[in-house]
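Reading the structure
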Amino acid sequence: MQRYSAFSLFSEALRGHTGWERAWRSPEPGGFYDIIIVGAGGHGLATAYYLAKNHAARSIAVLEKGWLGGGNTGRNTTIIRSNYLQDDSAAIYEKARSLYESLSQELNLNLMFSPRGVMMLAQTHHEARGYIRIANANQYQGIETEYIPPSRVKELCPIISIDGPRYPILGALWQPRGGTARHDAVAWGYARACCSLGVDIIENCEVTGINRDAGGVTGVTTTKGDIGCKKLGIVVAGHSGKLASMAGFRLPIESVALQALVSEPVKPCLDVVVMANTVHGYISQSDKGELVIGGGADGYNNYTQRGSFLHIEETVRALVETFPIISRLRMLRQWGGIVDMTGDRSPILSKTPVPGIFVNCGWGTGGFKSIPGSGWAMAELITLGEPGHLAAPFGLERFREGRFIDESVAAGVAH
Ligand SMILES: Cc1cc2nc3c(=O)[nH]c(=O)nc-3n(C[C@H](O)[C@H](O)[C@H](O)COP(=O)(O)OP(=O)(O)OC[C@H]3O[C@@H](n4cnc5c(N)ncnc54)[C@H](O)[C@@H]3O)c2cc1C
């Protein structure tokens, strides 16, 4: 695969940019692979990449029903942080965040990782207590966060109104090395790197059935024909329940739409990420100048991958209280994605009742930030057949055992 560099840019400029290769191949499916991953979102592509890179797996296909990165990976508000409460969550999210730090260099594509800092506002005393507790837990976990007073919030984010009409700012949980990255680029970067390691990424190839015999999985039926495999990874976020039912088991997952919107572009006015969980909204400014705004998930299960006026109104009304400056902005576009929610708001990385089938889902409203760590842990699980230390706490058996990893405060509103 062609490397991107200052030299290649310069030499291509001299010959009118006629020599660039396709960023990734577009092969027809082979008849059999050692490992098939269903879903070319960030998690599926990262899984395939680390399978090839860390475990030298060479016969891998990633099957995608649409275009790669066209699911939640290309629809999220790109917040990256690792300030979770429980040790198990902190470990996998911090692994992901730390991989993000050098991922552009590793994948040879600018992912625009921007560790500009993330603050989660405390707007009730209950919330303040919750965030102080997380800040304390993070100190033990070796994750750099602190609980900051309102004066520091104002210093970091001058456009904020500290004395909101309903919910004044009492403080915030601040993670200085949290931030954002370009979501499409994360998918594209992993796709290019997968390709250079020989992975077949097959787009427009929907899995419509999962084939098994007494010994376990034998392959999949797709819109491009049957494909055999020894191992199968289901990594399809909001569609996990559908794939599990094809394989003959059920998952403790609910699928709901989560929405976001962006404003028209404006001059730089916000250089941190702010999440306001009490009023349900979060906001950052993209490099293009748009304010990227997200809200809560729909209150009912559904598969509608689009936005609705109700959510825009709710979210914008809430944010205008805290950021009166945005009240005159015009909205540019809105959209929705289908997220996969577990009862404890923690993911599932697990073996399944069918030998050879592994599942990675349940990242819900906050799985963009975890893509590198999740792919790393899932690759280990598929290779060894048993979870490594990062994935071990997130097995399906925790629901049977009642051993929940409760992240309802840290995962709170959304991310
Ligand atoms: C509006 C919104 C805002 C968000 N904001 C953030 C945020 O700020 N920070 C954060 O960390 N997270 C955020 N998230 C969550 C995050 O986007 C997801 O957790 C993450 O992208 C999930 O990635 P994935 O690879 O598992 O799923 P996806 O990217 O959805 O990929 C799954 C893929 O599987 C494919 N697929 C499904 N069924 C089949 C089939 N039968 N055959 C073949 N392919 C199939 C789909 O087409 C899709 O491309 C947000 C989500 C939304 C919707």
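Residues numbered from 1 in each chain as written. Predicted model: local features only at pLDDT ≥ 70, side-chain atom pairs only at ≥ 80, totals over all residues.

Topic: helix α2 (residues 42-55)
For α2, which comprises 14 residues, the first-to-last C-alpha distance of 19 Å matches the rise-based estimate of 20 Å (1.5 Å per residue) to within 8%. For α2, the tally of buried residues reaches 11 of 14 residues, placing the bulk of the element in the interior. Check the buried side of α2 and you find it contacts β1 (32-38), β2 (60-63), α7 (183-196), β11 (225-234), β18 (357-361) and α10 (371-384). (Helix = DSSP H or I, 4+ residues; strand = E, 2+ residues; numbered from the N terminus. Expected span 1.5 Å × (residues − 1). Buried ≥ 20, exposed ≤ 12 C-beta atoms within 10 Å, placed from the backbone. Contact = placed C-beta atoms within 7 Å.)

Focus on the sheet that holds strand β14 (residues 281-285)
In space, the 8 strands of this open sheet follow the order β5-β6-β4-β13-β14-β15-β12-β16, with mixed pairing throughout. The strands lining the two open edges of the sheet, one partner per strand, are β5 (146-148) and β16 (331-341). Strand after strand, the sheet turns through a mean of 20° between neighbouring axes, direction not considered. Bridging between strand β12 (residues 254-263) and β16 involves 10 bridges; their strand directions are antiparallel. Bridging from a neighbouring strand, S255 pairs with D340 of β16. (Pairing = 2+ DSSP bridges. Axes fitted to C-alpha atoms, helices over the stretch in contact; angles between N-to-C directions.)

Some points on the pairing of strand β15 (residues 291-297)
The element β15 is extensively covered by neighbouring structure, given that 7 of its 7 residues are classed as buried. Note: β12 against β15, 4 bridges, orientation antiparallel. In the sheet register, L258 faces β15, and the bridge partner there is A297. Strand direction decides the pairing type here: β14 and β15, joined by 4 bridges, are antiparallel. Residue Y282 lies in a different strand from β15, and its bridge partner there is G294. Counted along the chain from β14 to the antiparallel partner β15, the turn is 5 residues long, and its residue G289 has a positive phi close to 105°.

Describing the pairing of strand β4 (residues 118-122)
For β4, the buried fraction is high: 5 of the 5 residues fall into the buried class. Of the two faces of β4, the one lined by V118, M120 and A122 and the one lined by M119 and L121 are each fully buried. Pairing of β4 with strand β6 (residues 171-175), which is carried by 5 bridges, proceeds in the antiparallel orientation. Paired with M120 across the two strands is L173, which belongs to β6.

Overview of the domain arrangement of the protein
Per the domain assignment, the segments of the protein are domain 1 (27-78 + 183-252 + 345-401) and domain 2 (114-178 + 255-341). Between the C-alpha centres of domain 1 and domain 2 the distance comes to 30 Å. Across the side of domain 1 that touches domain 2, the residue classes break down as 3 nonpolar, 10 polar and 1 charged. (Domains from an automatic or database assignment. Nonpolar A, V, L, I, M, F, W, Y, C, P; charged D, E, K, R; others polar.)

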